[in-house]
Amino acid sequence: MLDRKGCVELSGRKRVYVTRRLPEEAMRMLKLKFEVEVWPEEMPPPKKVIIEKVKEVDGLICLLTEKIDREVIEAAGSQFRGISQVAVGFDNIDIEAATERGIYVTNTPGVLTETTADYAFALLMAVARRIAEADRYVRSGRWKVPWGLMMLLGQDVWGKTIGIIGMGRIGSAVARRAKGMNMRILYYDIRRNEKAERELGAEYVDLETLLRESDFVTIHVPLTPETRHLINEERLKMMKRTACLINTSRGPVVDEKALYKALKEGWIWAAGLDVWEEEPTSVDNPLLELENVTASPHIASASIATRTKMAIMAVENMTAILEGRVPPNLVNKEVLKVRPPSR
Ligand code: GLV
């Protein structure tokens, strides 16, 4: 095996490149088994750095900010075995190209489900009750009337109708929270979730019915060609004028230009956005001028415990790949036909 300078590496340990520092525990686990190199900065490494690294290393641990497209994958050396993403979504990785080259791709499902659902529900509540706006109101000195009967009026949540687009793990976890709030639960997905129907009383409806009947619409689908701009002008027009839209999935699922019009012209009441078409979104994004937008920087899974679990899971996935086992969270199962696991 070659080391960083192209010399033969005598230890024979496999090499992993990590595109950002991981929590200590995960780093320790990784270093016990492998020779590890980490991109030292907070900003993502430029693509050309990743291209250079995959030529030499055996595995890559990356975040969703890294675009692992066909060009990167085709640059990988023949020793390169796998990409372990520290996230549940993997729309930044060209799965088809990886599969063709026999490269395993893994993600971190499950461990972030409840944390992400907590956040989606927190954002829903914040939007309904204008919490971020109220915070700005107090801090900016606009609070003059001691108690205003009509001050910062919001929407009730208890007993209202929630529409969940995507009833997978996270959607179901949001539904459990909604049940606790005595909400009617509608959902739309490409497949039915009978467990959610049975256990939570969720009603399977078509997307149009969901949009027309829900007081809160919350999105929990992956980004795919089919879900890009799923929420567009036509669909925003179907929603209630009092409805709130919550997005903690991927920004491009919502057409931001259409959403701006919807919020500005009052087709819908408010939105809570944790994800954006471009991340980081520009401070000049017109959506940020609107008081009825509650914004956050893609932090739905960001609890200390969960981010640590995600990193550990990514290390476990990488370890399995490089030890010649089938990794627990393999995304591209067809790769097993192209390259069966081997040491
Ligand atoms: C975060 O957005 C994730 O996909 O884990």
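All of the points below concern the structure found in this document. Being a predicted model, the structure only gives us computed values, none of them experimental.

1. Observations concerning the overall build of the protein chain
For step 1, the next point in the chain: Per the secondary structure count, the protein chain includes 13 helices and 12 strands.
For step 2, the next point in the chain: A buried classification covers 52% of the 343 residues belonging to the protein chain.
For step 3, the next point in the chain: Contacts in the protein chain between residues at least 24 apart in sequence constitute 59% of all its contacts with a sequence separation of at least 6.
For step 4, the next point in the chain: Looking at the protein chain as shown, the accessible area adds up to about 16900 Å², and 55% of this sits on carbon and sulfur atoms.
For step 5, the next point in the chain: Across the protein chain, the centroid of the 51 positively charged side chains sits 3 Å from that of the 49 negatively charged ones.

2. A word on empty space enclosed by the protein
Unoccupied space between atoms shows up once a probe the size of one water molecule is rolled over them.
For step 1, the next point in the chain: This structure, assessed with the given rule, holds 2 cavities of 30 Å³ or more.
For step 2, the next point in the chain: Considering only enclosed or pocket space, the largest cavity measures out at about 50 Å³ in volume.
For step 3, the next point in the chain: If you trace the largest cavity, you find it lined by Arg81, Tyr104, Ile321, Gly324, Arg325, Arg339, Pro340, Pro341 and Ser342.
For step 4, the next point in the chain: Approximately 40 Å³ is the volume attributed to the second largest cavity.

3. Some thoughts on the packing of aromatic side chains
For step 1, the next point in the chain: Taken as a whole, this structure holds 1 aromatic pair when the rule is applied.
For step 2, the next point in the chain: Geometry around tryptophan 267 places lysine 237 over its ring, the cationic atom sitting 4.8 Å from the centre.

4. Describing the site of the ligand
For step 1, the next point in the chain: The immediate surroundings of the ligand are formed by Leu64, Ala87, Val88, Gly89, Leu112, Arg250 and His298.
For step 2, the next point in the chain: Glycine 89 places a polar main-chain atom, nitrogen or oxygen, 2.8 Å from an oxygen atom of the ligand.
For step 3, the next point in the chain: A distance of 2.7 Å separates an oxygen atom of the ligand from a polar side-chain atom of histidine 298.
For step 4, the next point in the chain: Looking at the shell around the ligand residue by residue, the classes come out as 4 nonpolar, 2 polar and 1 charged.

5. Here we look at the sheet that holds strand β3 (residues 59–62)
For step 1, the next point in the chain: Strand order in this open sheet of 5 strands is β2-β1-β3-β4-β5, and the pairing throughout is parallel. Where the open sheet ends on each side, the last strands, each with one partner, are β2 (35–38) and β5 (104–106). The average undirected angle you get between the axes of adjacent strands in this sheet is 15°.
For step 2, the next point in the chain: Taken strand by strand, helix α1 (residues 24–33) contacts β1 (15–18), β2 and β3, and its axis lies near 140° from that of β2.
For step 3, the next point in the chain: Sitting on the sheet, helix α2 (residues 47–56) is in contact with β1, β2 and β3, with an inclination near 165° to β1.

Calculation notes
- Residues numbered from 1 in each chain as written.
- Predicted model: local features only at pLDDT ≥ 70, side-chain atom pairs only at ≥ 80, totals over all residues.
- Heavy atoms only, no water.
- Helix = DSSP H or I, 4+ residues; strand = E, 2+ residues; numbered from the N terminus.
- Buried < 20%, exposed > 50% of the residue type's maximum accessible area, 1.4 Å probe, protein only.
- Contact = heavy atoms within 4.5 Å.
- Areas by Shrake-Rupley, 256 points an atom, 1.4 Å probe, with all protein chains shown as cover.
- Lys, Arg positive; Asp, Glu negative; His and termini not counted.
- Charge placed at Lys NZ, Arg CZ, Asp CG, Glu CD.
- 1 Å grid on protein atoms, 1.4 Å probe; cavity = no way out; pocket = protein on both sides within 12 Å on 5 of 7 lines; lining within 4 Å.
- Points joined across faces, edges and corners; volume = space filled by probe spheres on them.
- Phe/Tyr/Trp six-rings, centres within 6.5 Å; stacked < 30°, edge-to-face > 60°.
- Lys NZ or Arg CZ within 6 Å of the ring centre and 35° of its normal.
- Near = heavy atom within 4 Å.
- Polar contact = N/O pair within 3.5 Å; in protein donor to acceptor, adjacent residues only side chain to side chain.
- Nonpolar A, V, L, I, M, F, W, Y, C, P; charged D, E, K, R; others polar.
- Pairing = 2+ DSSP bridges.
- Axes fitted to C-alpha atoms, helices over the stretch in contact; angles between N-to-C directions.

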